[in-house]
Amino acid sequence: MNSQATNAQTQEWQALSRAHHLPPFTDYKLLNEKGARIITRASGVYLWDSEGNKILDGMAGLWCVNVGYGREELVEAATRQMRELPYYNLFFQTAHPPAIALAKAIAEVAPEGMNHVFFTGSGSESNDTVLRMVRHYWAIKGQPQKKVIIGRWNGYHGSTVAGVSLGGMKALHNQGDLPIPGIEHIDQPYWYGEGGDLSPDEFGIKVAEQLERKILEVGEDKVAAFIAEPIQGAGGVIIPPETYWPKIREILSRYDILFIADEVICGFGRTGEWFGSQYYGNAPDLMPIAKGLTSGYIPMGGVVVRDEIVETLNEGGEFYHGFTYSGHPVAAAVALENIRILKEEKIVERVKNETAPYLQQRWQELADHPLVGEARGLGLVGALELVRNKKTRERFTEQGVGMVCREHCFRNGLIMRAVGDTMIISPPLVISKTEIDELIVKARKCLDLTAAAVL
Ligand SMILES: *Cc1c(COP(=O)(O)O)cnc(C)c1O
C-alpha cells in the first residue's frame, strides 16, 4: 500500500469512528478535532498503526499483554475451546473443565491459603464482587453492620459504580455522584508528590498510620475491609516507601477487618513475583485479578479468596451474585494457556532475575534529564515525574506537559502513558534487553523534544 492510500484509509476509519463510536476515557470534542489513532496489528512488543508506523508498546496495551502479542498458542487454545464448548454458564451448581482447571492453576501460584477463585469478566466486575462478598461475609458472621470499605485517594479499582467508589480519583467521583455511601478513603503513599520534607521511610509510616485513625474514626465494628493496589498503577505508578506495607500489616493485624489486594495490574508477574502481595510479603484475604490473567487476549477477571472466607461463605446459603460470562470457557482456556506459557518459559523468573533489574538500572539513567524530577520503578513498571524545576520539585503550571511528551512518544515509535505530568511504562513481560535499550533511547529522545517545547 502506498502512503497516500494508507492515509485515505485512515481518514475513512477516523470518520466512521467519529460518526459511530464513543471510546472509553476520551474527551469526545478533542478526539473529533484530532481523529483517533488507529492501531491495526501487533507482534511481540510492537504495534503497527494504520499509517504503517511501528510502535514499541511500552504499556503492554493497558498493563495486560504480559506474554506479548501474536502468541499462536493462545489463538489455538481459544479455537479448540470454541469448537469443544463455546459457552456454558456456571450458575446454579454447574461447572466445566476449563473453569475448574483454571481455578486450580491460579490457586497453585497464589499466596498460601488462597485456594478458590470467583470468576468475573473484568477487573471492575472483580471489585464489584469483593464489595458484595465482604459485606455478605460479615453478615454471615452475624455482623451485618460491618460494611464500610476503606480505600485510598488516587487508587484505581475500575470504572463501574463500585470500582469508581472504591477508587479514589476525584475526577471520576465528580461524574455520577460517587462514591456510594459506605466507602472511606485515606491518603496514598505518594512520597514524591506528597511527602514534603519527610524521608520516604518517615512518610511511609505516617500515611500508613492513617489507616488506623480511619478504622478508629469509623469504628472497628463498622469496617469490613481495606482495599489497596500493591503498587498503584493508573494513579501514576505510585511505589510505596519500604516502611509502608509493614506498617499497614501491623495495623491490619490489630483489627478484625479484611484486606483486599487489588492485583489487577501486579498479578501474573509484573513485579517479578506472581503477585505483588508476594513481592511485599503481604497476606491478603481477597485478590481481584484481571488484565495479565489472559494477557488481555480475551476479557476475564476473578477474585482469589482465602480459605477461611470460603469456609464462612459455605455457611451463608446462596451467594446471589455472578455474571453470565463468569468463568467463560473460551476465556478460561486462554488464561490457562497463558499461565502455562508464563510457567514454561519461566517468564516471571526472567523478569525478576534479568529484565526488571536491567530496566530499572537503565530507567534510572533518565533521572539526570533536566525535565525529570524523579525516575522510579519496580519490576517491569516505571514512572518519570516531569517538573519545571528538579531541585524544588516545582510542577508545570501550564496544562498538558505530559500529553506533549506522550504525543512526541507516539510520533517517535514509543507508547508511554501520561498520568498528568507523570510518564509511565509497563511493557510486556517478554521484553528483551535489546528492546529495553530501544525503549530507553526513545524515551530520552522524547524527553528532549518535550524539554525543547516546554522549558
Ligand atoms: C484496570 C484496573 C481495574 C479495572 O479493570 P477493568 O478490566 O478495566 O474493569 C481494577 N483495578 C486495577 C488495579 C486496575 O488497574
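The chain carries the name Putrescine aminotransferase in an unreviewed UniProt entry, which gives Pseudomonas indica as its organism. For the chain, the Sequence similarities (unreviewed entry) comment in UniProt is given as "Belongs to the class-III pyridoxal-phosphate-dependent aminotransferase family." In its Cofactor (unreviewed entry) section, UniProt records this for the chain: "pyridoxal 5'-phosphate".

Caption draft 1: Highlighting the packing of aromatic side chains. One pass over the structure, following the stated rule, counts 11 aromatic pairs. Taken together, a centroid distance of 6.1 Å and an interplanar angle of 15° make the contact between phenylalanine 226 and phenylalanine 259 stacked. One end of the pair, phenylalanine 226, is in strand β7 (residues 223-228); the other, phenylalanine 259, is in strand β8 (residues 258-261), and 33 residues separate them in sequence. Just as phenylalanine 226 is buried, phenylalanine 259 falls in that class too. Consider the rings of phenylalanine 268 and phenylalanine 275, whose centres lie 5.2 Å apart with planes at 65°: the pair is edge-to-face. As far as burial versus exposure is concerned, phenylalanine 268 and phenylalanine 275 are alike and both buried. Linked through ring pairs, Phe226, Tyr244, Trp245, Phe259, Tyr279 and Tyr280 together constitute an aromatic cluster.

Caption draft 2: Region of the structure containing the pattern of salt bridges. Within the structure shown, the criterion is met by 28 salt bridges. The salt bridge involving arginine 340 is made with glutamate 337; its shortest N-O contact spans 2.7 Å. Remark: glutamate 337 and arginine 340 occur in helix α14 (residues 329-344); sequence separation between them is three residues, near one turn of the helix. Here glutamate 337 falls in the buried class, since its relative accessible area comes to 12%. Glutamate 385 is the partner of arginine 395 in a salt bridge, and the nearest nitrogen-oxygen pair spans 2.9 Å. One end of the pair, arginine 395, is in the loop between β12 (381-386) and α16 (401-411); the other, glutamate 385, is in strand β12, with 10 residues separating them in the sequence.

Caption draft 3: Looking closely at the packing of helix α4 (residues 72-84) against α14. For the pair α4 and α14, interaxial distance at closest approach is 8 Å and the crossing angle is 150°. As for how α4 packs across α14, the hand of that crossing is right-handed. Residues Glu73, Leu74, Ala77, Ala78, Gln81 and Met82 of α4 touch α14, and the partners they reach there are Pro329, Val330, Ala333, Val334, Glu337, Asn338, Arg340 and Ile341. Tallied by class, the residues present in the contact of α4 with α14 amount to nine nonpolar, two polar and three charged.

Caption draft 4: Highlighting the site of the ligand. Around the ligand sit Ser122, Gly123, Ser124, Asn127, Tyr156, His157, Gly158, Glu229, Asp262, Val264, Ile265 and Lys291, and that is every residue in its neighbourhood. In this structure, glycine 123 approaches the ligand through a main-chain N or O atom, which is 2.9 Å from an oxygen atom. In this structure, a nitrogen atom belonging to the ligand sits 2.7 Å away from a side-chain N or O atom of aspartate 262.

Rules and cut-offs
- Residues numbered from 1 in each chain as written.
- Predicted model: local features only at pLDDT ≥ 70, side-chain atom pairs only at ≥ 80, totals over all residues.
- Heavy atoms only, no water.
- UniProt positions renumbered as here; feature names shortened; annotations may be inferred.
- Phe/Tyr/Trp six-rings, centres within 6.5 Å; stacked < 30°, edge-to-face > 60°.
- Helix = DSSP H or I, 4+ residues; strand = E, 2+ residues; numbered from the N terminus.
- Buried < 20%, exposed > 50% of the residue type's maximum accessible area, 1.4 Å probe, protein only.
- Salt bridge = Lys/Arg side-chain N within 4 Å of Asp/Glu carboxyl O.
- Axes fitted to C-alpha atoms, helices over the stretch in contact; angles between N-to-C directions.
- Left-handed = near helix turned anticlockwise from the far one by under 90°.
- Contact = heavy atoms within 4.5 Å.
- Nonpolar A, V, L, I, M, F, W, Y, C, P; charged D, E, K, R; others polar.
- Near = heavy atom within 4 Å.
- Polar contact = N/O pair within 3.5 Å; in protein donor to acceptor, adjacent residues only side chain to side chain.

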